[in-house]
Amino acid sequence: MTAPQHMVAAWDLPTRLFKWLLTLLVLLAWVSNKYGSAIPHWHIWNGYAILMLIVFRVLWGFVGGSTARFSAFSIKPSAALAYLRAQWRGMKPHYLGHNPLAAWMVLALLAALAAQAGLGLYSGDEDRIVIEGPLAKTVSDQAVAFAAHWHRLGFKLILTLVTIHIAAALAYDLLGKYGLIGAMVTGRKPADAYQDMQEAAAGSAAHAMLCLLAACAIVFGGIYLLGGNPLQ
Amino acid sequence: MRKIIIFSICFAIAGAAAIAQGFAQEDPVAARQKLMKSFGAALKPIPDMLKGAAPFDLAVVQKALATIVDGTKELPNLYPEPPKPGEKSRALPKIWEEKARFVGTYEKLGKDAAAALPLITDEASLKANFGKVAGNCKTCHDEFRKPE
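Residues numbered from 1 in each chain as written. Chains lettered and ligands numbered in written order. Predicted model: local features only at pLDDT ≥ 70, side-chain atom pairs only at ≥ 80, totals over all residues. Heavy atoms only, no water.

> Looking at this structure, how should I read the interface of chain B and chain A?
Reports often express the size of an interface as the amount of accessible area lost when the parts come together. Tallying the contact residues gives 20 residues for chain B and 13 residues for chain A. Regarding the contact of chain B and chain A, the summed buried area is about 1,400 Å², with carbon and sulfur atoms giving 52% of it. Area buried by chain B at its contact with chain A is led by Lys51(B), Lys138(B) and Glu148(B), which between them contribute 39% of it. Arg145(B) is paired through a salt bridge with Glu126(A); the nearest N and O atoms lie 3.4 Å apart. Counting the contacts that link chain B with chain A gives 8 residue pairs in polar contact (both at pLDDT 80 or more). The set of elements that each furnish at least two residues to the side of chain B that touches chain A consists of α2 (28-43), α3 (46-50) and α7 (123-144) of chain B. Ranked by residue count, the leading element in the side of chain B that touches chain A is α7(B), at 10 residues. (Contact = heavy atoms within 4.5 Å. Buried area = accessible area lost by both parts, 1.4 Å probe. Salt bridge = Lys/Arg side-chain N within 4 Å of Asp/Glu carboxyl O. Polar contact = N/O pair within 3.5 Å; in protein donor to acceptor, adjacent residues only side chain to side chain. Helix = DSSP H or I, 4+ residues; strand = E, 2+ residues; numbered from the N terminus.)

Shown next, in the form of C-alpha cells:
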C-alpha cells in the first residue's frame, strides 16, 4: 500500500470548462452539419459559440490561471527538442501545465478552429439556398466558393489534430501514468518534481466572466462591423 | 383527295410520335441537370424572404414547391448508368452502388415539398417549414454529388 498521493492544483475551473465545452461544440459542429440540414441555424450558432470560446481562451491566456497563460507555454523549438530527447532517454520530464509539445498542440488546435469558424462565416452552399454564413453576402461568389472549399477541407485538418491530441493523451495516461485526462476533469494532479511550476494559481472568476463578455462582444460586434448580420 | 388527307394525317401522327420519342430519349444527364437547375432557379428567391431581405411572395414559394414536387417524379428515372469517362457530370458512383437509398432521397424531397405546400401561407410558416424541404438538397448533395 502506498500512501495517498498529495494532489496539487493544475487547471482552474474556467480553463477546464472551456476545454470540455469546446470539445462538445466541435462534436456538435459535425453533428449539425451531418444531421442538421433542416435546421441551418444550428450549425451557424454552433460556429458562433466556438468562435466565442476561442476568443475567450485567447484573452484567458493573458489574464487566466497560471498554467493557462501563454507566458507559461514553452514554444521555443529548442524546448520541444529537449523535451523529446528527455522522453526518448526515459527521463519522463513532467510538466504541471502544458509540456512544450502540448503547448504547440493547443496553439495548433486553437488556430485551426479559429480558421475553420472564420471560413464558415464566409461559406455557403453552392446554390446559396440551404445555408449561408453571415458574411457571405459581403464577398464575391468566388470568395464564398473558396471559403466553402476550405471549410470542408478544414474539417480534415481538425480531425487529424484531434486524433493526435487524443492519442497522445491516452498514451501519456496508459503508458506513462501521467494522469493528464483526470487532471482535465478534476483540475488536480499528483504532486511531482514538475519542470514548470509546482502548483498552479487559479484565475479569478470575475476575470473569466469579463473575458467571456468581451469574447461575446468581439464575435458579434466583429461580424456586425465586417458588414454582416449575425442574427440573420 | 380523301385518301391524301387520311394519308397526311397518319403521316403527321407518325411524325409527332417520332418527335415525342426523340424528346423522351433526351440525354438523361442533360435532362436531370436541367431539372436540377430549374429547382435552383425556383428556390433562389426564398432565402432572402427567410432573412426578411425580400417580401414574402406566396406565388413564388408555391411555384418553387410545385416545381420540386413535379421534378422529383421524373428525376429517379434519369440515372440509368454512371457517367462515362469525360462526361460532364458530378454524379458520384455511390448513386449506383446505393440506388435504392439514392432514389429514396428524391422521394423524401418530393414528399416534404408536397407536405409543405399547404402549410406555408406567410413568412412565419415559411420559416417554420422551408428548412425541412431545403435540407434534403444538402443531405443528398453532401453524399451523392462530387464536391467542387
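> Is there a simple way to explain the pattern of salt bridges in this structure?
Counting across every chain of the model gives 16 salt bridges over all chains. Linking Arg90(B) and Glu126(A) is a salt bridge whose minimum nitrogen-to-oxygen distance equals 2.6 Å. One end of the pair, Arg90(B), is in the loop between α4 (58-74) and α5 (94-97); the other, Glu126(A), is in the loop between α4 (100-122) and α5 (141-176), on a second chain. Owing to a relative accessible area of 34%, Glu126(A) belongs among the partly exposed residues under this scheme. (Buried < 20%, exposed > 50% of the residue type's maximum accessible area, 1.4 Å probe, protein only.)

> What am I meant to see in a nonpolar patch on the surface here?
Residue and element names in this part refer to chain A. Together, Trp-20, Ile-166, Leu-170, Leu-174, Leu-175, Ile-181 and Val-185 make up a nonpolar patch on the protein surface, roughly 700 Å² of accessible area in all. Element by element, the count of residues in the nonpolar patch is highest for α5, at 4 residues. With respect to the helices and strands, the residue Trp-20 is situated in helix α1 (residues 13-35). The exposure class of Trp-20 is partly exposed, given its relative accessible area of 37%. (Patch = residues over 30% accessible without salt bridge, like charges linked within 9 Å, V, L, I, M, F, W, Y side chains within 5 Å. Areas by Shrake-Rupley, 256 points an atom, 1.4 Å probe, with all protein chains shown as cover.)

> Would you mind going over the layout of surface pockets with me for this structure?
Vacant regions in the atomic arrangement are exposed by a probe of water-molecule size rolled over the atoms. All names here are of chain A. A volume near 1,300 Å³ is recorded for the second largest pocket. Residue lining of the second largest pocket: 48 residues in total, with Lys-19, Leu-109, His-165, Ile-166 and Ala-169 positioned closest to the centre. Among the secondary structure elements, those contributing two or more residues to the lining of the second largest pocket are α1, α3 (77-88), α4, α5, α6 (180-186) and β2 (188-190). Of the residues forming the lining of the second largest pocket, the biggest block, 11 residues, is contributed by α5. (1 Å grid on protein atoms, 1.4 Å probe; cavity = no way out; pocket = protein on both sides within 12 Å on 5 of 7 lines; lining within 4 Å. Points joined across faces, edges and corners; volume = space filled by probe spheres on them.)

> Please explain unusual backbone geometry as it appears in this structure.
If a residue is not glycine, its phi is most likely negative; likewise, a peptide bond is most likely trans. Residue and element names in this part refer to chain A. Despite not being glycine, Arg-128 has its phi angle at roughly 55°, a positive value. On the accessibility criterion, Arg-128 (16% relative accessible area) is buried. One non-glycine residue with positive phi stands out, namely Lys-177, at about 50°. Overall, the relative accessible area of 69% leaves Lys-177 in the exposed class.

> Looking at this model, I keep getting lost on the environment of Met7(A). Mind explaining?
All names here are of chain A. Within the secondary structure, Met-7 is located in strand β1 (residues 7-9). The exposure class of Met-7 is partly exposed, given its relative accessible area of 30%. Remark: the alpha-carbon pair of Met-7 and Leu-135, spanning 128 residues in sequence, is separated by 48 Å. Setting aside anything within four residues of it in sequence, one finds Met-7 in contact with Arg-188, Lys-189, Pro-190 and Ala-191.

> Would you mind showing me how to read the packing of aromatic side chains here?
The geometry of an aromatic ring pair is captured by the separation of the ring centres together with the interplanar angle, meaning the angle of the planes. On inspection of all chains with the given rule, the structure shows 16 aromatic pairs over all chains. A ring pair is formed by Tyr48(A) and Phe220(A), whose centres lie 5.5 Å apart and whose planes are at 75°; its orientation type is edge-to-face. With a gap of 172 residues between them, Tyr48(A) in helix α2 (residues 40-63) and Phe220(A) in helix α7 (residues 205-225) connect regions that are remote in the sequence. For the pair shown, Tyr48(A) and Phe220(A) are each scored as buried. Here the aromatic rings of Tyr79(B) and Phe102(B) are separated by 4.8 Å at their centres, their planes lie at 75°, and the arrangement is edge-to-face. Of this pair, Tyr79(B) sits in the loop between α4 and α5 while Phe102(B) sits in helix α6 (residues 99-119), and the two are 23 residues apart along the sequence. (Phe/Tyr/Trp six-rings, centres within 6.5 Å; stacked < 30°, edge-to-face > 60°.)

> Explain the packing of α4(B) against α6(B) to me, please; I cannot follow it from the model alone.
For any two helices packed against each other, one specifies the crossing angle of their axes together with the interaxial distance. Residues and elements named next belong to chain B. Across the interface, α4 lies against α6 with an axial gap of 8 Å and an inter-helix angle of 145°. Remark: the crossing between α4 and α6 carries left-handed chirality. Only Tyr-106, Leu-109, Gly-110, Ala-113, Ala-114, Ala-116 and Leu-117 of α6 make contact with α4, whose side of the interface consists of Gln-62, Leu-65, Ile-68, Val-69 and Thr-72. Considered class by class, the residues forming the contact of α4 with α6 number 9 nonpolar, 3 polar and no charged. (Axes fitted to C-alpha atoms, helices over the stretch in contact; angles between N-to-C directions. Left-handed = near helix turned anticlockwise from the far one by under 90°. Nonpolar A, V, L, I, M, F, W, Y, C, P; charged D, E, K, R; others polar.)

> I'm lost on the side chain of Arg16(A) in this one. Help?
All names here are of chain A. Relative to the helices and strands, Arg-16 resides in helix α1. In this structure Arg-16 is buried but unpaired, with Asp-12 as the nearest side chain of opposite charge at 6.3 Å. Looking at Arg-16, its side chain comes within polar contact range of the main-chain oxygen of Trp-11, at 3.1 Å. Those residues in contact with Arg-16 that lie beyond four places of it in its chain are Trp-11, Ala-183, Met-184, Val-185, Thr-186 and Gly-187. (Lys, Arg positive; Asp, Glu negative; His and termini not counted.)

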